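Listed below are the residues making up each chain.
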Amino acid sequence: MEKQRESIYTRYVPGLTPESEFTGEACQLIFQSGKLLVTEPSSPPGIPMARSLEELAVTPLRILYLGTFEGLPCYASEVSAEAPEPPGLTFRPLRSLYEVLEEDLFHLAGKALQLLVWDGNHRFCGRCGTETAHSLTERSRICPQCGLVSYPQLAPAVITAILKDNQLLLAHAPHFQNGMYGLIAGFVEPGETLEDCVRRETMEEVGLKVKNITYFGSQQWPFPNSLMVGFLAEYESGEITVDGEELDHAAWFPTEQLPVIPPPVSIARKIIDWVVEQHSESGAAADKEL
């Protein structure tokens, strides 16, 4: 369904252990309280490259090897909240780099942040309290006392474009900026299928029943550790109702008259753009027949 872009894995090769003979510069993804260290005032900002963190005058609290990106080693590291910014570099919230960093680098930075958060949260065993150690064979932390293995965890969420004739359901939440409208979305609960979640979230958020649910595509979303799974669905019945808290407005919009919508990097925008393109093409085909 989704127009597939080239996979990040044509450029990124995951790894647990760096090649000992490599002596060149590496990609240094350095975080401080969720903010990424980037080169500024260069435009656009970039990821600092250095042979070691010492070159950048950075003292890490933790450091993880991620693998290689276009053949260059990549490291994720975290520094204390009090650590000063190195000269010529600045810490910026990852969200603010959403459309600034090249897309594959943004997703790699998201991966780095998620792994650092997981690594920090699982330093000690959740069952017996013993300090854990990194596995040498997979991305996990192992308790040497009781053997509990902790893996990085994802929170799957669905996001759905609901269609009614040539109209698209869009909703506004109180925290959305610039009058932006988005798609219906929500986290998957235990015991649910993805399709069950689409049905439940749609009913809970806007009071509508949907049918003909089809998969569109997916996107990692590191805020803090989500996997967004995109769907299309058709309106079946019901009248739009919102609770005024999670959503404060929702409405049907003709695909040629949309309000402010999410930026291009997001899967929400990719779904919306696909829907608009499909309706435009079908309209053009109908005009030719006439």
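Refer to the structure above for everything that follows.
I will try to describe carefully the structure that is included in this document. Here the residue numbering is sequential within each chain, running from 1 through the sequence in written order. Local features in a predicted model are, by the rule used here, given only for residues with pLDDT of at least 70; side-chain atom pairs are given and counted only at 80 or more, and totals for whole chains, interfaces and linings are based on all residues. With hydrogens and water stripped out, all remaining heavy atoms of the structure feed into the side-chain values.

## Topic: the environment of Asn225
Phase 1 of the analysis: Following the sequence through the fold, Asn225 ends up in the loop between strand S14 (209-221) and strand S15 (226-237).
Phase 2 of the analysis: Buried, partly exposed and exposed residues are distinguished by accessible area as a fraction of the type maximum, computed with a 1.4 Å probe on protein chains only: under 20%, between the cut-offs, and over 50%, respectively. Owing to a relative accessible area of 25%, Asn225 belongs among the partly exposed residues under this scheme.
Phase 3 of the analysis: It is 12 Å that separates the C-alpha atoms of Asn225 and Ala109, two residues lying 116 residues apart in sequence.
Phase 4 of the analysis: Apart from the residues lying within four places of it in its own chain, the contact partners of Asn225 are Gln114, Gln153, Leu154 and Ala155.
Phase 5 of the analysis: Separated by 3.3 Å, the side chain of Asn225 and the backbone oxygen of Gln153 make a polar contact. Only runs of H or I of at least four residues qualify as helices and only runs of E of at least two qualify as strands under DSSP, and these elements are numbered from the N terminus. The contact definition used throughout considers only heavy atoms, calling two residues in contact when any of these lie within 4.5 Å. The term polar contact refers here to a pair of N or O atoms within 3.5 Å; inside protein, the definition further demands a hydrogen-donor-capable atom paired with an acceptor-capable atom, and it admits residues adjacent in sequence only when both atoms are side-chain atoms.

## Describing the sheet that holds strand S10 (residues 149-150)
Phase 1 of the analysis: When DSSP finds at least two bridges between two strands, those strands are taken to pair. On the basis of which strands lie adjacent, the open sheet formed by 3 strands has the order S8-S9-S10 and antiparallel pairing. The open sheet terminates on both sides in strands that have one partner only, identified here as strand S8 (133-134) and S10.
Phase 2 of the analysis: The sheet contact formed by strand S9 (residues 141-142) and S10 spans 2 bridges and is antiparallel. Within S10, the residue paired with Arg141 across the bridge is Ser150.

## A look at the pattern of salt bridges
Phase 1 of the analysis: Whenever Lys or Arg places a side-chain nitrogen within 4 Å of a carboxyl oxygen from Asp or Glu, that contact is recorded as a salt bridge. As enumerated under the stated definition, the model contains 14 salt bridges in all.
Phase 2 of the analysis: For the salt bridge of Arg92 with Glu40, the shortest nitrogen-to-oxygen distance reads 2.9 Å. Taken together, the positions of Arg92 in strand S7 (residues 89-93) and Glu40 in the loop between strand S3 (35-39) and strand S4 (49-50) put the pair 52 residues apart, joining distant regions of the chain.
Phase 3 of the analysis: Notably, a salt bridge pairs Glu192 with Arg200, separated by 2.4 Å at the nearest N-O pair.

## Looking at the packing of aromatic side chains
Phase 1 of the analysis: Any Phe, Tyr or Trp ring, taking Trp's six-membered ring, that has another such ring centre within 6.5 Å forms a pair; planes under 30 degrees apart are called stacked, those over 60 apart edge-to-face, and the others tilted. Under the criterion given, the structure shown has 10 aromatic pairs.
Phase 2 of the analysis: Taking the centre distance of 5.5 Å and the plane angle of 45° together, the rings of Tyr98 and Phe106 count as tilted. Each member of the pair Tyr98 and Phe106 is classed as buried.
Phase 3 of the analysis: Aromatic side chains Tyr181 and Phe253 sit 5.4 Å apart centroid to centroid with 70° between the ring planes, which places their arrangement in the edge-to-face category. Of this pair, Tyr181 sits in the loop between strand S12 (167-172) and strand S13 (184-187) while Phe253 sits in strand S16 (residues 249-254), placing them 72 residues apart in sequence. In this pair, the class of Tyr181 matches that of Phe253, namely buried.
Phase 4 of the analysis: Cation placement over rings: the criterion is NZ of Lys or CZ of Arg within 6 Å of the ring centroid and within 35° of the ring normal. One residue, Arg95, lies across the ring of Phe223, its end atom 4.2 Å from the ring centre.
Phase 5 of the analysis: For the cation-ring pair, Lys164 lies above Tyr235, with the distance from its terminal atom to the ring centre recorded as 4.6 Å.

## Topic: unusual backbone geometry
Phase 1 of the analysis: Omega for the bond connecting Phe223 with Pro224 falls within 30 degrees of zero, at 0°, which places this linkage in the cis form.
Phase 2 of the analysis: Within the secondary structure layout, Pro224 lies in the loop between S14 and S15.
Phase 3 of the analysis: Although it is not a glycine, Ala57 sits at a positive phi angle of roughly 60°.
Phase 4 of the analysis: Mapped onto the secondary structure, Ala57 falls in the loop between S4 and strand S5 (62-69).
Phase 5 of the analysis: Here the phi dihedral of Asn178 falls at roughly 60°; this positive angle occurs in a residue that is not glycine.
Phase 6 of the analysis: Turning to its location among the elements, Asn178 is positioned in the loop between S12 and S13.

## Considering the side chain of Gln32
Phase 1 of the analysis: By secondary structure assignment, the location of Gln32 is in strand S2 (residues 26-32).
Phase 2 of the analysis: Reaching out from Gln32, the side chain makes a polar contact with the backbone oxygen of Ser80 at a distance of 2.8 Å.
Phase 3 of the analysis: Contacts of Gln32, omitting those with residues within four sequence positions, involve Val79, Ser80, Ala81, Glu82, Ala83 and Phe91.

## Digging into the pairing of S7
Phase 1 of the analysis: Burial within S7 is extensive, with 4 of its 5 residues counted as buried.
Phase 2 of the analysis: Judged from the 5 bridges that link them, S3 and S7 form a sheet pairing that is antiparallel. Residue pairing across strands places Val38 opposite Thr90, the latter belonging to S7.

## Structural notes on the nonpolar core
As a rule of thumb, soluble globular proteins bury nonpolar side chains together.
Phase 1 of the analysis: In this structure, Leu29, Leu36, Leu66, Leu183 and Ile271 are the most contacted members of the largest nonpolar core, which totals 49 residues.
Phase 2 of the analysis: The leading source of residues in this core is helix H1 (residues 103-121), at 9 residues.
Phase 3 of the analysis: The contact partners of Leu36, leaving out residues within four places of it in the chain, are Leu29, Ile30, Phe31, Ile47, Thr90, Phe91, Arg92, Leu94, Leu97, Leu101 and Ala109.
Phase 4 of the analysis: Residues Val158, Leu169, Ala171 and Leu208 belong to the second largest nonpolar core, which totals 20 residues. In these notes, a set of buried Ala, Val, Leu, Ile, Met, Phe, Trp, Tyr and Cys residues joined through side-chain atoms within 4.5 Å is what counts as a nonpolar core.

## Some details on the side chain of Asp104
Phase 1 of the analysis: With respect to the helices and strands, the residue Asp104 is situated in helix H1.
Phase 2 of the analysis: Among the polar contacts made by the side chain of Asp104, one reaches the side chain of Arg11 at a distance of 2.9 Å.

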